[in-house]
Amino acid sequence: MNKITAALIITILISSMTSAQNAIKDFMSDPRLEGASYGVMFKDVKTDSMIYAYNENNRYTTASNLKLFTSAAAIELLGSDFRFYTRFYTNGNIAKGGELSGDLIIVGGGDPLISGRFRDSITEVLELWADSLKDAGIKLIKGNIAVDNNYFETDDLGPGWSFDYLSYWYACPISSLSFNDNCVDFRSYPGKNIGDTCRFEFKPENDYLTVINNTTTLPAGLTNTLDYYRHPETNTVEFTGGVDINDKNGTVDYVSVYRPHLYCAHIFNDILKSKGIAVDGEILNIEADDKNQDYRYNDLTALFEWQSEPMSIIAKVINKNSQNFFAEQTLKTIGAEYAGEGSYAVSTKIVSDWLVSIGIPEDDVFYYDGSGLAHMNLATPSSIVNLMEHMYHSGNFDIYYESMAIPGVDRSVRGRMEGQPLAEKMRTKTGTIANTRTFSGYLTTSSSRLVAFSILVNNYGSTRDEIDHWTDAFCGYIISTY
């Protein structure tokens with residue numbers, strides 16, 4: 001290569017770099033970001049080389065990007081094959097005629113998948129439990145259904161959760177024994193005439209909820225205003241607002257329940273009856289002290305146990321679906337398994353210590369719950385990127401990578417990266433709470449570089465869609481340019 005050719009190549013490279021730097025400057029000065037706080041980081045995880053960073057060491061509210069920490073810790077600490085167990089015991093005996101002369105004791109183990117997810121019906125798991133009792137020869141329970149909900153501590157709501165959230169599915173209580181994401185599904189329909197109260201269908205049908213119906217059927221063309229409020233520490237739900245009279249297909253939503261472990265037992269009792277197994281007693285809650293008194297576990301007889309799908313599947317629900325309930329159940333399980341205490345204080349300390357052990361500075365992540373619902377959760381873009389770089393070099397990369405959502409494919413990011421190149425090779429996690437929009441994950445560039453990225457935006461004055469369009473265009477530029 002002669003001197004003229006070498007000089008020309010250097011000139012072209014410098015010109016290209018200058019052009020890229022100017023383009024990125026344009027992105028970072030976009031008017032949609034005016035007044036916002038934001039940090040950005042893109043890093044090639046194969047070569048450990050920085051592509052671009054801005055305010056990468058500043059802490060921002062993460063919203064659901066915090067789930068990237070929770071899922072990674074669960075995969076690494078509990079293992080991708082970890083399964084949750086629900087165990088069934090009795091303090092009595094089974095007579096020849098099928099009479100169980102004692103209590104049926106259900107010991108919850110944190111399983112978030114006692115639901116219709118991946119199954120044909122909401123109650124399929126409970127029906128399988130009932131079938132197991134029938135297979136054991138039980139036809140009558142001459143005792144109570146007693147629930148041990150003590151695998152987790154009693155802090156059933158995340159620290160810093162807003163009071164306004166607690167009726168809704170995304171802020172449902174956390175429990176050792178759960179059912180149907182600790183919610184009741186419902187579909188709302190208009191009444192026959194304008195002004196009539198609306199009607200509701202609940203799944204599963206139950207009398208665990210007490211419904212106050214203060215709704216109104218609206219004239220055609222008006223926007224549905226239906227809302228609901230579960231009174232604190234009760235299962236009384238008040239429905240307000242209205243539904244368009246032409247909304248004949250109904251609208252599906254989910255209301256959280258109070259004391260969900262007893263909700264599970266309540267529905268299970270209904271299932272037992274439908275399967276021909278009568279229960280003479282009541283549904284009881286086993287307090288922690290009762291284990292040393294009425295329920296001495298060394299003296300109990302094991303009936304059967306139920307196990308969940310593995311953590312590799314749970315992680316997909318956490319990240320692809322952005323399911324808060326799964327993230328919280330998983331976080332508290334880390335504490336229960338590692339320290340014998342499924343509390344938020346212990347569980348978050350274990351995860352925080354693990355993050356430090358993999359090289360993430362302690363002050364880079366303020367970690368309070370598992371899902372990111374609390375505004376107190378903070379992280380730097382560099383901490384998220386460094387986490388993803390660690391997972392790339394771990395033996396669990398494929399499981400972690402595939403747990404994230406594909407833009408344009410998975411529901412949580414179905415409208416993202418539209419028309420952008422190589423979007424199908426991205427694996428991403430979004431995050432949204434008030435004044436916070438975040439987007440992190442992995443992308444593959446046009447030159448086949450694997451890049452971990454994190455874009456955290458707080459306190460923006462534009463719309464969420466405008467922030468999304470800016471973020472998607474920025475990622476698209478990195479993909480095409482590098």
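Residues numbered from 1 in each chain as written. Predicted model: local features only at pLDDT ≥ 70, side-chain atom pairs only at ≥ 80, totals over all residues. Heavy atoms only, no water.

### Thoughts on the sheet that holds strand S20 (residues 365-366)
Convention followed: If DSSP finds at least two bridges between two strands, the strands pair. In DSSP terms, a helix is any run of H or I states spanning at least four residues, a strand is any run of E spanning at least two, and both are numbered starting from the N terminus.
An order of S3-S21-S20 is seen for the three strands of this open sheet, with the pairing classed as antiparallel. What marks the edges here is a single partner per strand, and that holds for strand S3 (60-61) and S20. As defined by bridge partners, S3 adjoins strand S21 (residues 378-379) across two bridges and the pair is classed as antiparallel. Across the sheet, Tyr60 pairs through a bridge with Ala379, a residue of S21.

### What about the packing of aromatic side chains?
Rules: Side-chain rings of Phe, Tyr and Trp, where Trp is taken by its six-membered ring, are said to pair if the distance between their centres is within 6.5 Å; with planes under 30 degrees apart they count as stacked, over 60 as edge-to-face, and otherwise as tilted. When accessible area is computed with a 1.4 Å probe and restricted to protein chains, residues below 20% of their type maximum are described as buried, those above 50% as exposed, and intermediate ones as partly exposed. In this scheme, Lys NZ or Arg CZ marks a charge over a ring once it lies within 6 Å of the ring centre and within 35 degrees of the ring normal.
For the coordinates displayed, the defined rule picks out 34 aromatic pairs. Measuring from ring centre to ring centre gives 5.3 Å for Phe82 and Phe84, while their planes differ by 80 degrees; the resulting arrangement is edge-to-face. Phe84 shares its class with Phe82; the two are buried. Linked through ring pairs, Phe27, Tyr38, Phe42, Tyr52, Tyr54, Phe439, Phe453, Trp470, Phe474 and Tyr477 together constitute an aromatic cluster. The aromatic ring of Tyr189 is capped on one face by Arg199, whose charged end is 4.4 Å from the ring centroid. Seen from the ring of Phe439, Arg416 lies directly overhead, with NZ or CZ sitting 4.2 Å from the centre.

### Description of the layout of surface pockets
To keep things clear, this is the line we draw: In the cavity and pocket records, a cavity denotes points on a 1 Å grid over the protein atoms alone where a 1.4 Å probe fits but cannot get out, a pocket denotes an open set with protein on both sides within 12 Å along at least 5 of 7 lines, and lining residues are residues with an atom within 4 Å of a point. Grid points are joined across faces, edges and corners, and a volume is the space filled by probe spheres set on the points. Each residue is assigned to one of three groups, with Ala, Val, Leu, Ile, Met, Phe, Trp, Tyr, Cys and Pro labelled nonpolar, Asp, Glu, Lys and Arg labelled charged, and all others, Gly among them, labelled polar.
Approximately 1,300 Å³ is the volume found for the largest pocket. Looking at the lining of the largest pocket, the elements that each hand over two or more residues are strand S9 (183-189), strand S10 (199-203), strand S16 (251-256) and strand S22 (427-433). Here the element with the most residues in the lining of the largest pocket is S22; it accounts for five residues. Among the residues making up the lining of the largest pocket, the classes are represented as 11 nonpolar, 15 polar and 15 charged. Considering only enclosed or pocket space, the second largest pocket measures out at about 610 Å³ in volume. Elements with a contribution of two residues or more to the lining of the second largest pocket: strand S13 (227-230), helix H4 (260-274) and strand S18 (283-286). In terms of residue class, the lining of the second largest pocket is built from 12 nonpolar, seven polar and six charged.

### Brief notes about a nonpolar patch on the surface
Definition in use: For patch building, the residue pool is restricted to those with more than 30% relative accessible area and no salt bridge; the joining distance is 9 Å between like charges and 5 Å between nonpolar side chains (Val, Leu, Ile, Met, Phe, Trp, Tyr). Using the Shrake-Rupley algorithm and a 1.4 Å probe, accessible areas are obtained, with residue cover drawn only from the displayed protein chains. When a carboxyl oxygen of Asp or Glu lies within 4 Å of a side-chain nitrogen of Lys or Arg, that pair is called a salt bridge.
Together, Trp169, Val252 and Tyr254 give the surface a local cluster of nonpolar side chains, amounting to about 240 Å² of exposed area. Inspection of the secondary structure puts Tyr254 in strand S16. Assessed through its relative accessible area of 32%, Tyr254 is described here as partly exposed.

### A few points about the pattern of salt bridges
Tallying each qualifying case throughout the model produces 17 salt bridges. Taking the shortest distance from any N to any O, the salt bridge between Arg32 and Asp30 comes out at 2.9 Å. Relative accessible area serves as the criterion here: at 15%, Asp30 is assigned to the buried category. Salt bridges linked by common partners bring Arg416, Arg437, Asp468 and Asp472 together as one network.

### Observations regarding the sheet that holds S9
The criterion, for reference: The convention used is that axes are lines fitted to C-alpha atoms, helices contributing only their stretch in contact, and that angles between N-to-C directions extend from 0 to 180 degrees.
Read from one edge to the other, the open sheet built from three strands follows the order S10-S9-S16, with strand pairing classed as antiparallel. Whereas interior strands pair on both sides, the edge strands pair on one side only; in this sheet they are S10 and S16. Adjacent strand axes in the sheet meet at a mean angle of 30 degrees when their direction is disregarded. Pairing of S9 with S16 involves six bridges; the strand directions are antiparallel. Each residue of the ladder has a partner; that of Cys183, found in S16, is Ser256.

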